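Here's the letter readout for the chains.
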Amino acid sequence: MLKRGNGAPVATQVLFSNIKVQIYQNPNSFHYILKSPVQGFNTTILELSLKKASMIVNAVPEGWEIIFQQAHALLATQIAFEWRVADRPERWVETLAAIAQHDDGQKFWAGKIGLTPAGAPANFTMLPFSLEQATQVMYEAKFQGRWRALLTSMHLSFLYEELRGQNNRTDEFLNNQLENQARWRKELKINKKKAQQAYDLMQWCDRFSLILCRSQLPEAERTLEVSKGPDGVQYHVIQQKDGSIKVTPWPFEKRHFTVSVEFICLTQLQFQDEAELTEALMNSPIQLKEWTISK
């Protein structure tokens, strides 16, 4: 159980490989240190920072439904995996990896980033643009290869190009994305059209996943626009009377399939600080939400 105090580290005793180890938590910085007493000295075995993820927050009768951004990205990957075979990008596995990890590199919570001023969990749309986080996203993407880096960079351009002209450092970051995209296309021997089609699939699946995660499906079988797919066609989604979801025109290989996402339901509506929110998230049961998508 995590405990909060006046900022001083708190310790928990655990048995690790037959050695008594203390785990120190600093509630202000969320750093954890594993220490073991060796010959009268406290020797640091491992030090890490607990990285927090931004969240999709839905108000439900029970309280707050929380879906982590990385879980939403995995749902987007499940959707992409079902795309019709004939229209999949050549680098299919790398494309799936890019979709699955496009929300990696999340910013550390500090202060009130994870909370609204009223103390409620903050939806990801409430968070301001973070150049530090965008830079970290690109830094992590590069380790998996140029194709993932290319698609991730295109995604950041899609999200943040509208901020151009507001800040010199942001403009430099955006310029770097365009330069890197051109260089990676050349090195990968792929033209701009093919790269854009691959990214359009990524963006389409991202958008469809967000519609599901944010409970945005209209009632009474009304249609909702998703976005244009990699083929340039505008797709729409409908929740049918039996609860299944229909996409028109049909872009998938199978006639029907099921996708899912894990979520946490918090019954507590307000939190004093990040530590209290973190504790609630870590101690709440994980639940599963599923959707059947049918032609």
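Being a predicted model, the structure only gives us computed values, none of them experimental. (Residues numbered from 1 in each chain as written. Predicted model: local features only at pLDDT ≥ 70, side-chain atom pairs only at ≥ 80, totals over all residues. Heavy atoms only, no water.)

Colleague: Can you walk me through the overall build of the protein in this structure?
Modeller: Within the protein, the regular secondary structure consists of seven helices and eleven strands. A buried classification covers 45% of the 295 residues belonging to the protein. The long-range share in the protein, meaning contacts at least 24 apart out of those at least 6 apart in sequence, stands at 59%. For the protein, the exposed surface amounts to about 16100 Å²; the carbon and sulfur share of it is 52%. (Helix = DSSP H or I, 4+ residues; strand = E, 2+ residues; numbered from the N terminus. Buried < 20%, exposed > 50% of the residue type's maximum accessible area, 1.4 Å probe, protein only. Contact = heavy atoms within 4.5 Å. Areas by Shrake-Rupley, 256 points an atom, 1.4 Å probe, with all protein chains shown as cover.)

Colleague: Explain the nonpolar core here, please?
Modeller: When a protein is soluble and globular, its nonpolar side chains tend to lie buried together. By size, the foremost hydrophobic cluster in this structure holds 53 residues, and its most contacted members are Ile79, Trp204, Phe208, Leu212, Val247, Phe252 and Ile293. The leading source of residues in this core is helix α6 (residues 192-213), at twelve residues. Residues contacting Leu212, with those up to four places away along its chain left out, are Leu75, Ile79, Leu217, Ile245, Val259 and Trp291. Judged by nonpolar contacts, the second largest core, of twelve residues, contains Met55, Ile264, Phe271 and Leu277. (Core = buried A, V, L, I, M, F, W, Y, C linked by side-chain atoms within 4.5 Å.)

Colleague: Which parts of the structure should I look at to understand helix α7 (residues 274-283)?
Modeller: What sets the pattern is the α-helix's 3.6 residues per turn: residues three or four places apart point alike. Most of α7 sits out of view: eight of its ten residues are buried. Of all the positions in α7, only Glu274, Ala275, Glu276, Leu277, Thr278, Glu279, Ala280 and Leu281 are classed as buried. The inward-facing, buried residues of α7 contact β5 (55-60), β6 (63-68) and β10 (256-266). Looking at where α7 begins, the residue whose side-chain oxygen comes 3.3 Å from the main-chain nitrogen of Ala275 is Asp273. (Polar contact = N/O pair within 3.5 Å; in protein donor to acceptor, adjacent residues only side chain to side chain.)

Colleague: Whenever I open this one, the packing of aromatic side chains confuses me. Can you help?
Modeller: Pairs of aromatic rings are described using the distance from one ring centre to the other and the angle between the two planes. According to the stated counting rule, one finds twelve aromatic pairs in the structure shown. Measuring from ring centre to ring centre gives 5.8 Å for Trp83 and Phe252, while their planes differ by 85 degrees; the resulting arrangement is edge-to-face. Highlighted residues: Trp83 in the loop between α1 (69-81) and α2 (92-100) and Phe252 in the loop between β9 (245-248) and β10, separated in sequence by 169 residues. For the pair formed by Trp83 and Phe252, the shared burial category is buried. Aromatic side chains Phe252 and Phe257 sit 4.9 Å apart centroid to centroid with 75 degrees between the ring planes, which places their arrangement in the edge-to-face category. In terms of burial, Phe252 and Phe257 fall into one category: buried. Through a chain of ring-to-ring contacts, the aromatic side chains of Trp83, Trp204, Phe208, Tyr235, Trp250, Phe252 and Phe257 assemble into a single cluster. Over the ring of Phe263 we find Lys289, and its NZ or CZ is 5.5 Å from the ring centre. (Phe/Tyr/Trp six-rings, centres within 6.5 Å; stacked < 30°, edge-to-face > 60°. Lys NZ or Arg CZ within 6 Å of the ring centre and 35° of its normal.)

Colleague: What is the right way to read the environment of Leu174 from this model?
Modeller: Mapping Leu174 onto the fold places it in helix α5 (residues 168-188). According to the relative accessible area criterion, Leu174 is buried, its value standing at 0%. Note: C-alpha distance between Leu174 and Leu163 (eleven residues apart in sequence) is 9.0 Å. If sequence neighbours within four positions are ignored, Leu174 has contacts with Tyr160, Glu161 and Arg164.

Colleague: Explain the packing of α1 against α6 here, please?
Modeller: Each packed pair of helices is defined by two parameters, the angle between the axes and the distance between the axes. Relative orientation of the contacting elements α1 and α6 amounts to 120 degrees, with a least axis distance of 8 Å. As judged from the angle between their axes, α1 and α6 are oblique. In this structure, α1 meets α6 at a crossing whose hand is right-handed. Touching His72, Leu75, Ala76, Ile79 and Ala80 of α1 are Trp204, Cys205, Asp206, Phe208, Ser209, Leu210, Leu212 and Cys213, all from α6. (Axes fitted to C-alpha atoms, helices over the stretch in contact; angles between N-to-C directions. Parallel < 35°, antiparallel > 145°, perpendicular 65-115°, else oblique. Left-handed = near helix turned anticlockwise from the far one by under 90°.)

Colleague: Which parts of the structure should I look at to understand the environment of Trp64?
Modeller: Looking at the secondary structure, you find Trp64 in strand β6. Spatially, the C-alpha atoms of Trp64 and Leu266 are 5.0 Å apart, while their sequence positions differ by 202 residues. Not counting chain neighbours up to four residues away, the residues in contact with Trp64 comprise Val57, Asn58, Ala59, Ala120, Pro121, Ile264, Cys265, Leu266, Gln268 and Leu269. Polar side-chain contacts of Trp64 include one of 3.0 Å to the backbone oxygen of Leu269.

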